Amino acid sequence: MNKRIFITALLILAAIAGFAQTVTKSDVSFKIKNLGFNVGGTFGGLQADIKFKPNDLAGSSIEASVASNTVNSDNESRDNHLKSEDYFDVAKYPKITMKSVSFKRKSGSNYTGNFNVTIRDKTKLIEIPFTYVETGNTAQLKGSFMILRTDFGIGGKNLILSNEANVSVEAEISK
């Protein structure tokens, strides 16, 4: 369950980070069902190389990563389990990464980005919808999406943990 949350949070962080030069604030959160109950958490330590230009989507790019050991579900025992080999295996795979492939404008400030997301040793192409709104010298990025934990080999055949994890990302960036 925690692996699913961590993966989702990482994807959101990467998506938000990819739309500006410097991330000044970020919030990456995730939710996954465990025994039918929503369990949530956050990720920290986002690092990104962002070159997002709304008027030049073909020339835009985003590369981002988060340290897998920053997963925080407000439960130390659960967090330690998420960091273990069964989930994120932070000793062997210290980062979760994402790299943009392409962007499309849907309408107004609504975009989608296709990202190669790597968790553990698995890479999947994921489409991430987001908004990008500029105000003065800053821009606000918000996105949410769903990932499948088993796509990344996280948590095995766990019958009490949902395969779907929802990730939400908000970021403020300086231009």
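Please read all numbers here as calculations on a predicted model, not as lab measurements. (Residues numbered from 1 in each chain as written. Predicted model: local features only at pLDDT ≥ 70, side-chain atom pairs only at ≥ 80, totals over all residues. Heavy atoms only, no water.)

Peer 1: Please give an account of the overall build of the protein chain that cites residues and values.
Peer 2: What the protein chain contains, in helices and strands, is two helices and nine strands. For the protein chain, the proportion of its 175 residues judged to be buried stands at 44%. Long-range pairs, those at least 24 residues apart, make up 63% of the contacts in the protein chain between residues at least 6 apart in sequence. When the accessible surface of the protein chain is summed, it comes to about 8,500 Å², and 45% of that surface belongs to carbon and sulfur atoms. (Helix = DSSP H or I, 4+ residues; strand = E, 2+ residues; numbered from the N terminus. Buried < 20%, exposed > 50% of the residue type's maximum accessible area, 1.4 Å probe, protein only. Contact = heavy atoms within 4.5 Å. Areas by Shrake-Rupley, 256 points an atom, 1.4 Å probe, with all protein chains shown as cover.)

Peer 1: Quick rundown of the nonpolar core? Include the residues and the values.
Peer 2: Residues F52, F88 and Y132 are the most contacted members of the largest nonpolar core, which totals 39 residues. Looking at this core, the elements that each hand over two or more residues are β1 (22–34), β4 (61–67), β5 (95–107), β6 (110–119), β7 (122–135), β8 (138–148) and β9 (161–174). The element that contributes the greatest number of residues to this core is β9, accounting for six residues. (Core = buried A, V, L, I, M, F, W, Y, C linked by side-chain atoms within 4.5 Å.)

Peer 1: Let's hear about the confidence of the model for the protein chain: which residues, and what values?
Peer 2: Of all residues in the protein chain, 88% have pLDDT values of 70 or greater, and the mean over the chain is 85. Contacts of residues 13–20 to residues separated by more than four positions or lying in other chains number 46 contacts, the stretch itself having pLDDT below 50. (pLDDT = per-residue confidence, 0-100.)

Peer 1: Explain the sheet that holds strand β2 (residues 37–43) to me, and be specific about the residues and the numbers.
Peer 2: Ordered by their spatial adjacency, nine strands build an open sheet running β2-β1-β9-β8-β7-β6-β5-β4-β3, and the pairing between neighbours is antiparallel. This sheet does not close on itself; its edge strands, each paired only once, are β2 and β3 (47–51). Within the sheet, the average angular offset between the axes of one strand and its neighbour, ignoring direction, is 20°. Two strands pair when backbone bridges link them, and β4 and β5 are joined in this way by five bridges, in the antiparallel orientation. The residue of β5 that forms the bridge with V66 is I96. (Pairing = 2+ DSSP bridges. Axes fitted to C-alpha atoms, helices over the stretch in contact; angles between N-to-C directions.)

Peer 1: Tell me about the side chain of R149, and please be specific about residues and values.
Peer 2: Along the chain, the position of R149 falls in the loop between β8 and β9. For the buried R149, which has no salt bridge, the nearest side chain bearing the opposite charge is D151, at an N-O separation of 10 Å. A polar contact is formed between the side chain of R149 and the backbone oxygen of N158, at a distance of 3.1 Å. (Lys, Arg positive; Asp, Glu negative; His and termini not counted. Salt bridge = Lys/Arg side-chain N within 4 Å of Asp/Glu carboxyl O. Polar contact = N/O pair within 3.5 Å; in protein donor to acceptor, adjacent residues only side chain to side chain.)

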